[in-house]
Amino acid sequence: MTQRRPLLEFDHVTLAYGQQEKASQGGHVAIDDVSCSVGSGEKFVIIGPSGCGKSTLLKAAAGFLPPKSGTVTLDGAEVTAPGPDRLVVFQEFDQLLPWRTVRGNLTYALRRTSGRSRADVADRVEEYIAMVGLTDRIDAFPHQLSGGQKQRAAIARSLACDPSILLMDEPFGALDAQTRTRMQQELNNIWRNLGTTILFVTHDIQEAVLLGHRILVLTPGPGRLRALLDNPHEGTDSDDPAVLEFVGRVKALLVDTTDAEDASMAVKGAGG
């Protein structure tokens, strides 16, 4: 795999909830001593069993949750608060302002986060709406959209603001299987056009393999690094025998209860 410049870095990060209220106990530890980096222009996927801290790690990257110990840095600067350089697409459909159209949602976001002229904003809104295939719904309100269309609009809104990294927290988890497959394909197509750095959280192994250049596998909570895998099958059809074999190997890491070191050595391409 091509070596990418580190953009987002987790350095011995431990994350806990309730740490302020329960300082003596340290709170409930969700992530324990995780170190890894997301390369510039990379699609980096985090996967692990329910409750392992996948979304918690993403929240730390977004600046929503400060580390109990360790540091999170973006392009060398420590992450201490949310910012427009890190935009999040959540699983919930209702992320759009309900009183604004699709066009209005993107226009409002761009005007809040950039110094672009009105004409430039209007052109960029139409460009990114077309990129996600919603030109015919550009003047529709959120209640007039399907779940998949709402997610497309939310993705377009985030990408139009040109973040350094797009954080996606199981964004397709609530979609039906057919729409989910289409959205996965569209995300890959968008990445090929833009090369945006993406940190993607999922519990779906096939989705992780289809989307990720690298896959971070976490242990059951508190989440620790079980393996970090180079994925030679990114963008490959899920029915390919080699893909299915790789999916099986990732699944084995998720269900295996052996030490993380032993598990990571079992998969070629695992790294720290």
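Residues numbered from 1 in each chain as written. Predicted model: local features only at pLDDT ≥ 70, side-chain atom pairs only at ≥ 80, totals over all residues. Heavy atoms only, no water.

Colleague: Any details on the environment of P67? Residues and values, ideally.
Modeller: Its place among the elements puts P67 in the loop between helix 1 (54-62) and strand 4 (69-74). Along the primary structure P67 and F10 are separated by 57 residues, whereas in three dimensions their C-alpha atoms are 9.8 Å apart. (Helix = DSSP H or I, 4+ residues; strand = E, 2+ residues; numbered from the N terminus.)

Colleague: Explain the packing of helix 2 (residues 102-113) against helix 3 (residues 118-131) to me, using residue names and the numbers behind them.
Modeller: Two elements in contact, helix 2 and helix 3, have axes separated by 9 Å at closest approach and are oriented at 130 degrees. Accordingly, the angle class assigned to the pair helix 2 and helix 3 is oblique. Crossing hand, helix 2 versus helix 3: right-handed. Here helix 2 contributes V102, R103, L106, T107, L110 and R111 to the contact with helix 3, which in turn contributes R118, V121, R124, V125, E126, Y128 and I129. Of the residues belonging to the contact of helix 2 with helix 3, the class tally is 7 nonpolar, 1 polar and 5 charged. (Axes fitted to C-alpha atoms, helices over the stretch in contact; angles between N-to-C directions. Parallel < 35°, antiparallel > 145°, perpendicular 65-115°, else oblique. Left-handed = near helix turned anticlockwise from the far one by under 90°. Contact = heavy atoms within 4.5 Å. Nonpolar A, V, L, I, M, F, W, Y, C, P; charged D, E, K, R; others polar.)

Colleague: Now, about unusual backbone geometry: what can you tell me, with residues and values included?
Modeller: The omega angle of the peptide bond from G221 to P222 is -5 degrees, so this bond is cis rather than trans. Tracing the sequence through the fold places P222 in the loop between strand 9 (214-218) and strand 10 (225-230). Backbone geometry at D33 places phi at a positive 55 degrees, although glycine is not the residue there. Inspection of the secondary structure assignment puts D33 in strand 2 (residues 28-39).

Colleague: Quick one: what's the story with the sheet that holds strand 4, residue by residue and with numbers?
Modeller: If you trace the 4 strands from one edge of the open sheet to the other, you get 2-1-4-5, paired in antiparallel fashion. Of all strands in the sheet, those bounded by a partner on one side alone are strand 2 and strand 5 (77-78). When strand 1 (residues 6-17) meets strand 4, the two strands line up antiparallel, connected through 5 bridges. Note that in strand 4 the partner of E9 across the bridge is T73. Here helix 1 sits on the sheet in contact with strand 1, strand 2 and strand 4, set at roughly 120 degrees to strand 1. (Pairing = 2+ DSSP bridges.)

Colleague: So what's going on with empty space enclosed by the protein? Which residues, and what values?
Modeller: Under the defined criterion, the tally for this structure stands at 1 cavity of 30 Å³ or more. What the largest cavity holds in volume is close to 30 Å³. Lining the largest cavity are V132, R152, I155, F172, M183, E186, L187 and I190. At the level of elements, helix 4 (147-160) and helix 5 (177-194) are the ones that each hand at least two residues to the lining of the largest cavity. Per-element tally for the lining of the largest cavity: the top contributor is helix 5, with 4 residues. In terms of residue class, the lining of the largest cavity is made up of 6 nonpolar, no polar and 2 charged. (1 Å grid on protein atoms, 1.4 Å probe; cavity = no way out; pocket = protein on both sides within 12 Å on 5 of 7 lines; lining within 4 Å. Points joined across faces, edges and corners; volume = space filled by probe spheres on them.)

Colleague: I'd like a description of the side chain of T14, backed by residues and values.
Modeller: Take T14: it is sitting in strand 1. Judged by its relative accessible area of 10%, T14 is buried. Within the local environment of T14, its side chain forms a polar contact with the backbone nitrogen of D33, the two atoms lying 3.0 Å apart. Not counting chain neighbours up to four residues away, the residues in contact with T14 comprise V29, I31, D32, D33, P67, K68 and S69. (Buried < 20%, exposed > 50% of the residue type's maximum accessible area, 1.4 Å probe, protein only. Polar contact = N/O pair within 3.5 Å; in protein donor to acceptor, adjacent residues only side chain to side chain.)

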